[in-house]
Protein chains: 2
Amino acid sequence: MKILIVGTGAIGGFYAGQLRRAGADVAVLARGDYEKIKHDGINIESIWGDFNFHPRVVYGDAKDIKEKFDFVIVTTKVLPEISWLDLIAPALDSHSSIALIQNGIFIEKAVAEVFPQNHLVSVIAFIASERLASGLIKHDNDGKLTFGEYQNSNPQKTQKLIDLFAKAQVPCFSVNDIQFERWKKLVWNASFNPISVLAGALDTKKILDNPHLKNLVKNVMLEVALLAKAQGYDIPLEFIEKNINDTEARKVPSRSSMLIDFEAGRAMEVEAILGNAVRFAQKNKLQIPHMETLYALIFAM
Amino acid sequence: MKILIVGTGAIGGFYAGQLRRAGADVAVLARGDYEKIKHDGINIESIWGDFNFHPRVVYGDAKDIKEKFDFVIVTTKVLPEISWLDLIAPALDSHSSIALIQNGIFIEKAVAEVFPQNHLVSVIAFIASERLASGLIKHDNDGKLTFGEYQNSNPQKTQKLIDLFAKAQVPCFSVNDIQFERWKKLVWNASFNPISVLAGALDTKKILDNPHLKNLVKNVMLEVALLAKAQGYDIPLEFIEKNINDTEARKVPSRSSMLIDFEAGRAMEVEAILGNAVRFAQKNKLQIPHMETLYALIFAM
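Summarised in this report is the structure supplied together with it. Please read all numbers here as calculations on a predicted model, not as lab measurements.

1. Describing the packing of helix α8 (residues 211–230) of chain A against helix α12 (residues 289–300) of chain B
So, step 1. Where α8(A) contacts α12(B), the axes come no closer than 9 Å and their chain directions differ by 140°. If you check the angle between α8(A) and α12(B), you find them oblique. The two elements α8(A) and α12(B) meet at a crossing, and its hand is left-handed. When α8(A) is examined against α12(B), the residues A:His212, A:Leu213, A:Leu216 and A:Asn219 are found in contact with a partner set consisting of B:Glu292, B:Thr293, B:Tyr295, B:Ala296, B:Leu297, B:Phe299 and B:Ala300.
So, step 2. Of the residues belonging to the contact of α8(A) with α12(B), the class tally is seven nonpolar, three polar and one charged.

So this is what it looks like as C-alpha cells:
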C-alpha cells in the first residue's frame, strides 16, 4: 500500500515515522522542510523511543508528484490560506483513499465536495507533539488515533491502514460516527486553545490554577456541548468535568497547539476550532457568548 | 481654597494644571514623579494650549504632609495594590472635602467607609490624555468633568471647586445621581478597554473595523446596560449605538487607558472597570458572559 503523508510537522512527521517503522511504503510532501528532510530524514524524539527515518521519497512540491497513492494522509493545519486541496490532487486517482488527521469541526466537507468519488476517512489524533525544527519532532504524550468513515465508506481499506499503525504500537480506534468524536475533542480544543493564547501565553496548569479561567474553560465546554446537542450528540457534564480533571492531573502541563503556533509566529487554527462552531451556532440560533468572545478576540490577533 | 491633587499622571497632572491656571492654591502628591516635578514643574501639551506650571508645593511622600486641605482630589488609578486611603489621611481634617476623579463602578464605597465624616464628591473625567514621561502630560481630546455628591452632601463647596475649573475653561457638569453617569461611562470602558488589550493592542478604529469585535463591543455594552437596569438606571439601545458611532467618528483613533497601561507595563484598572461589575452580576444573578470572559482573560494577564 503506497502512502503519501502531506505535511511533515508535529502530526505528519510523527505518524509518517510510525508507518515507516511498520515497514510501510511512505512518501512525504514536505514543502518548507524539503531540503532538510531530503538530506537527513526525520528525527523523532518520542516517549515511545527516539528514532530517525527516511521516507521512500520526499516531495518538495506537489507538481513533482507523478505517481498515484493508495492512501493520501493529510496532516496540515486547517487554515483558510492553505489550499491543500490543490496539493493532493496530483497524488489521487479514483481508487485513492484520503485520510484527514486534522483538528476542528466540519472540516471534511470541502474535501468531500472537491473529491466526491474518493474514499474519505476522518481521523482524530490525541497527541502532544511539537515540531521543534525542520525534520525534528518531539513527542511528549499520547498518540492515539480515532478513525471514522466519512464518504464512500470502505472500512476494509481503512483497516489496512489501521493495521499498519497498530504494527507500530499506535493505539487505534474505529468509530461509527466520527462527528461525535470531533465534538468531544472540540470540548478541549475550543476552550484551552484560545484561552492559552488570550490570557497571556499560559500552559494548562496556569489556566486551571486561575479560578476565573477554570470557570471560563468550563463555560466554553458547556457551550460546545450545547452545539453538539443540536446535532443530536449528548456530551454530559461528567465528560466535561473529567476532561478538566484529567487535564489538571497531567504530570507535565501542556501548551496548546494554538499557543505553540502563536509563539512561533505561525497562523493558528482559529476557523477550524472556533469559527466553524460560531457559524454553526449563528445558523442554528444558539447562544454561545463565551466562545463568540474568544473567537472575536483571537480572530483579531 | 487649599487643594491637594493626589497623583500627577494623565489625569492629576492635567487637572492640577487647569486649577493652577485658574489661580488656585494647588499642592500635588507626586511620588514617582517627585524629583522631576519639584525641579521642572509639570508640562502639559494640550489641544487647549501648551503650558508649564509649578504647584505651590510638591510632596514626594504622604508622610511629609503637615498641612490640612480644603479639597483633596484623588486621581490615582483604582488598583487593589495602591492603598491611597493611607496617602490622603495626613491631608485631611473633618472639614476637608474629598473628590475622586477616577474610573470604574462602586469605587467610592471604600473611601466613604474610611472617612465617614468627610464630604465626598464623585467625579468622572471624559478626557483623552496620556502621561508621556515624568511631569509630561499630553492632552488629546475632551476634558469634561461631571460632579456628583456622594457623602455628607455639600454642593456649595463643590460649586467652589467647579468655579475654579470653569475659570480655566474646563467644561463642568453637576448631576444628582453620579452612579448613573458611572454606569454610562462604564459602557465604553468595560468594552473598549479590555478588548483593546486582549485582541492584540488595537486602537478604537482597528476594533470597530473588525465586524466580530464591533459586535463584541456592542454585546458588552448591552451587558453593562443590563447591570445598570438592576440598579434602576435605563441605558437605552440608542445610547449604546451613539456611543459606538461617536467612537467610530473620531478623527483620531484612540488607545484605551488599559492599552496604554498594558503597553507601558503598568497595572491596569481591571477590578474597578470589570471586576466590580462581574461581582455585582454574580450577586444579583445576572448573566454577563461576554464581560465575564473578558474579565477572566485580562485578570490573568
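2. Brief notes about the nonpolar core
In globular proteins that are soluble, nonpolar side chains generally tend to be buried together.
So, step 1. Counting residues in each nonpolar core, the largest one holds 88 residues, and the members touching the most others are A:Trp183, A:Leu297, B:Trp183 and B:Leu297.
So, step 2. Within the second largest apolar cluster, 35 residues are counted, among which are B:Phe51, B:Ile162, B:Leu164 and B:Phe165.

3. With respect to the packing of aromatic side chains
All names here are of chain A.
So, step 1. All chains considered together, the criterion is met by 22 aromatic pairs over all chains.
So, step 2. Ring geometry for Trp183 versus Phe280: centroids 5.6 Å apart, planes at 55°, classification tilted. Residue Trp183 is found in helix α6 (residues 178–198), and its partner Phe280 is found in helix α11 (residues 270–283); the two are separated by 97 residues along the sequence.
So, step 3. Among the residues examined, Trp183 registers a relative accessible area of 0% and is labelled buried.
So, step 4. Of the residues examined, Phe280 reaches a relative accessible area of 12% and is grouped as buried.
So, step 5. Clustering of aromatic rings is evident, with ring pairs tying together Phe14, Tyr15, Trp48, Phe147 and Phe165.

4. Looking at the relation of the copies chain A and chain B
So, step 1. For the match of chain A to chain B, the screw axis carries a shift of 0.0 Å, the RMSD comes to 0.0 Å, and the turn is 180°. A rotation of that kind, with that shift, is consistent with a two-fold axis.
So, step 2. Both copies contact each other with a shared surface, as 100% of the interface residues of chain A are interface residues in chain B too.

5. Some details on the interface of chain A and chain B
So, step 1. Counting residues at the interface gives 21 residues for chain A, matched by 21 residues for chain B.
So, step 2. In this assembly, chain A packs against chain B so that about 1,700 Å² is buried in total across both faces, 70% of it on carbon and sulfur atoms.
So, step 3. Area buried by chain A at its contact with chain B is led by A:His212, A:Thr293 and A:Leu297, which between them contribute 30% of it.
So, step 4. If you look at where chain A meets chain B, you find zero salt bridges.
So, step 5. Within the residue set of the side of chain A that touches chain B, elements represented by two or more residues are α6, α8 and α12 (289–300) of chain A.
So, step 6. Here the side of chain A that touches chain B gets 10 residues from one element, more than from any other, and that element is α12(A).

6. What to know about the pairing of strand β8 (residues 119–133) of chain A
All names here are of chain A.
So, step 1. The pairing of strand β7 (residues 97–101) with β8 spans five bridges and is parallel. Paired with Leu100 across the strands is Ser122, a residue of β8.
So, step 2. Bridging between β8 and strand β9 (residues 136–151) involves 13 bridges; their strand directions are antiparallel. Bridged to Ile127 within β9 is Asp142.
So, step 3. Hairpin connection of β8 to β9: two residues between the antiparallel strands, including Gly135 at a positive phi of 70°.

7. Overview of the side chain of A:Thr293
So, step 1. Here A:Thr293 lies in helix α12.
So, step 2. With near-sequence residues (within four places) excluded, A:Thr293 lies in contact with B:Leu216, B:His290, B:Thr293 and B:Leu294.

8. Here we look at the pairing of strand β1 (residues 2–6) of chain A
All names here are of chain A.
So, step 1. The buried fraction of β1 is high, at four of five residues.
So, step 2. In this structure, β1 lies alongside strand β2 (residues 25–29), joined through five bridges in parallel fashion. Note on β2: the bridge partner recorded for Lys2 is Asp25.

Cut-offs and rules
- Residues numbered from 1 in each chain as written.
- Chains lettered and ligands numbered in written order.
- Predicted model: local features only at pLDDT ≥ 70, side-chain atom pairs only at ≥ 80, totals over all residues.
- Heavy atoms only, no water.
- Axes fitted to C-alpha atoms, helices over the stretch in contact; angles between N-to-C directions.
- Helix = DSSP H or I, 4+ residues; strand = E, 2+ residues; numbered from the N terminus.
- Parallel < 35°, antiparallel > 145°, perpendicular 65-115°, else oblique.
- Left-handed = near helix turned anticlockwise from the far one by under 90°.
- Contact = heavy atoms within 4.5 Å.
- Nonpolar A, V, L, I, M, F, W, Y, C, P; charged D, E, K, R; others polar.
- Core = buried A, V, L, I, M, F, W, Y, C linked by side-chain atoms within 4.5 Å.
- Buried < 20%, exposed > 50% of the residue type's maximum accessible area, 1.4 Å probe, protein only.
- Phe/Tyr/Trp six-rings, centres within 6.5 Å; stacked < 30°, edge-to-face > 60°.
- Least-squares fit on C-alpha atoms with pLDDT ≥ 70 in both.
- Buried area = accessible area lost by both parts, 1.4 Å probe.
- Salt bridge = Lys/Arg side-chain N within 4 Å of Asp/Glu carboxyl O.
- Pairing = 2+ DSSP bridges.

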